[in-house]
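# Fold and contact review
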Amino acid sequence: WTVAELAESMQMRGLDIGRNRLHTWLREHGFTDRSHWKGQNLPTRKALDAGFMVIDYVESWNKGRDWMITRPSIRITPLGRAYFTGLFVQEGRGL
């Protein structure tokens, strides 16, 4: 799952969280870092080692320059979905 899909799943459980606020929370708690690749959010070693996230490489077409671009993207593992959802459910709120 993407971070947006995780946030949507949490919203369905009644938690007050959106994609941007979840990205912010993940950065503030050391699970992602924005400084790796052109300001994009990527998992930290902490999140990768714990098995909460993986890096997936996504290809997209750059129409303006007529070539394929491969960029890294965060994917939340099933363990990460359970862990992060559990944290917010225990608190009984979103952010």
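Keep in mind that this is a model prediction, so the values were computed, not measured.

Before going further, it helps to spend a moment on the overall build of the protein. The helix and strand tally for the protein stands at 4 helices and 4 strands. Along the protein, helices (α) and strands (β) appear in the sequence α-α-β-β-α-β-β-α when read from the amino end. Oriented by its inertia axes, the alpha-carbon framework of the protein measures out at about 50 × 25 × 20 Å. For the protein, the residues scored as buried account for 34% of the 95 residues in total.

Taken together, the 10 bridges between strand E3 (residues 53–62) and strand E4 (residues 67–76) define a ladder with antiparallel strand orientation. Its bridge partner lying in E4, Trp-61 is registered against Met-68. Where E3 folds back onto E4 in an antiparallel hairpin, the turn is made up of 4 residues, including Asp-66, whose phi is positive at roughly 60°.

Averaged over all residues, the pLDDT of the protein equals 88, while 93% of them reach at least 70. By mean pLDDT, strand E1 (residues 32–37) is the weakest element of the protein at 75, and helix H3 (residues 45–50) is the strongest at 96.

This next bit is on helix H2 (residues 19–28). Every buried residue of H2 is accounted for by Leu-22, His-23, Trp-25 and Leu-26. Seen along its axis, H2 keeps its buried residues to an arc of 165°; they face one direction. Immediately beyond the C-terminal end of H2, within one or two residues, lies Gly-30, with a positive phi of roughly 80°.

What counts and what doesn't
Residues numbered from 1 in each chain as written. Predicted model: local features only at pLDDT ≥ 70, side-chain atom pairs only at ≥ 80, totals over all residues. Heavy atoms only, no water. Helix = DSSP H or I, 4+ residues; strand = E, 2+ residues; numbered from the N terminus. Buried < 20%, exposed > 50% of the residue type's maximum accessible area, 1.4 Å probe, protein only. Pairing = 2+ DSSP bridges. pLDDT = per-residue confidence, 0-100. Arc of directions from axis to C-beta.

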